[in-house]
Amino acid sequence: MDAIHADSIIKDFGEVRALDGVSLRVEAGELFFLLGGSGCGKTTLLRCIAGLEEPTSGQIFFDGEDVTVLPTHKREAAMVFQSYALWPHMTVGQNIGFGLEERKVARNEIAERVKEVLEMVRMPGFEDRGIDQMSGGQQQRVSLARALVVKPKCLLLDEPLSNLDAQLRLEMRSEIRRIVKENGLTGVYVTHDQAEALSMADRLAVMNSGKIQQVGTPEQIYRNPRTSYVASFIGETNLLAGKVNEVVGGGVVSVVTDAGELRGRITDDEWVPVAGEQTHASIRPEAVRISVGKGELQGTVTETMYLGDTIQYRVRLVEGTEMQVSEVNPRMVLKEGTRAGLEFESEDVVILRD
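Computed from a predicted model, the values in this text were never measured in an experiment. (Residues numbered from 1 in each chain as written. Predicted model: local features only at pLDDT ≥ 70, side-chain atom pairs only at ≥ 80, totals over all residues. Heavy atoms only, no water.)

A. Spatial organisation of the overall build of the chain. A tally of regular secondary structure across the chain gives eight helices and 20 strands. Per-residue burial for the chain yields a buried fraction of 48% across its 354 residues. Sequence separation of at least 24 residues holds for 65% of the intrachain contacts in the chain that already meet a minimum separation of 6. Seen as two clouds, the 39 positive and the 53 negative side-chain charges of the chain have centres 2 Å apart. (Helix = DSSP H or I, 4+ residues; strand = E, 2+ residues; numbered from the N terminus. Buried < 20%, exposed > 50% of the residue type's maximum accessible area, 1.4 Å probe, protein only. Contact = heavy atoms within 4.5 Å. Lys, Arg positive; Asp, Glu negative; His and termini not counted. Charge placed at Lys NZ, Arg CZ, Asp CG, Glu CD.)

And the structure:
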């Protein structure tokens, strides 16, 4: 049975529709990500799941039980916010145990459970420390501990790492995933950071304009985007506008673009391409091979960015189209102005209907 099931959720704020018929299933024990740009509806959906917002229509189920109008504290879910929301006048232990005090849990049990969750977040012995003595990463661990101490079945996280510096974000990614998995929790995590989602998620949903564009594993979403939005939002890609020329068969389609005729594969099982139909070809920069001399496409290097283990090129093709190329472990650096050829496999070309 699904741990969380959102069914046809609509959420209106006045005349603004934040969620437009969203349906979603999250499996028990899964770390599931809601990913998208600002205003896409991801946080609103999380708040509906948490009980902090009531849908205009639709239903939310936890383990098959309708919790759509159930108060937050009765859903066996705990939320971790972007702002740590810790009380500065309380110690670490008091912050963590506050929710248990509200539930009238005995003092000795509160002390035991606070100690237990501090072990979980790898901060043993910090009960008596002041919040103002904590670094940003430590405060986020305290925030996590406060959520875990009530023993929730679901952990809901709203961009919990956005206030941390780059190194701490990397450390906390693995920590949050470890905590979810070691404690058998179901996690729903909101972020706009694609690297965060790709590195942590079991599955993820890409959202745009209040709708879910695609759901899948990180590899499925990256390798097999179903829309131009997903292809361009997850990682970098070259999107070439064109028209369907021929349906070759076996999921392979020939399209005509300004850069020339390309063959690629379709990833949307519901789409039957028709000759003349408008389309886009998506080619990831790392799938393109660059060399001086012959190549399927010809152009001129207009920008070179050396990053040590990687070189990123921008190449203007003969007819004016610009392509991004990412070369890993480069043996040489092509200077700006170099005439270059580009090649790629048809397997790395994804044909999209929008």
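B. Expanded view of helix α1 (residues 42–50). By the criterion of burial, α1 is predominantly enclosed, with seven of the nine residues buried. Those residues of α1 lying buried are K42, T44, L45, L46, C48, I49 and A50. Once α1 ends, the next one or two residues include G51, with phi positive near 90°.

C. Examining the nonpolar core more closely. Within the largest apolar cluster, 46 residues are counted, with the highest numbers of intra-cluster contacts made by I96, L144, L155 and I176. Those residues in contact with L155 that lie beyond four places of it in its chain are A78, V80, L144, A147, L148, V180, L185, T186, G187 and V188. Grouped together as the second largest cluster of nonpolar side chains are 27 residues, A6, V26, L34 and A205 included. (Core = buried A, V, L, I, M, F, W, Y, C linked by side-chain atoms within 4.5 Å.)

D. Focus on unusual backbone geometry. Positive phi, close to 60°, is recorded for R122, a residue that is not glycine. By secondary structure assignment, the location of R122 is in the loop between α3 (107–120) and α4 (136–148). Residues other than glycine seldom take positive phi values, yet K151 does so here, at roughly 55°. Among the structural elements, K151 can be located in the loop between α4 and β7 (154–158).

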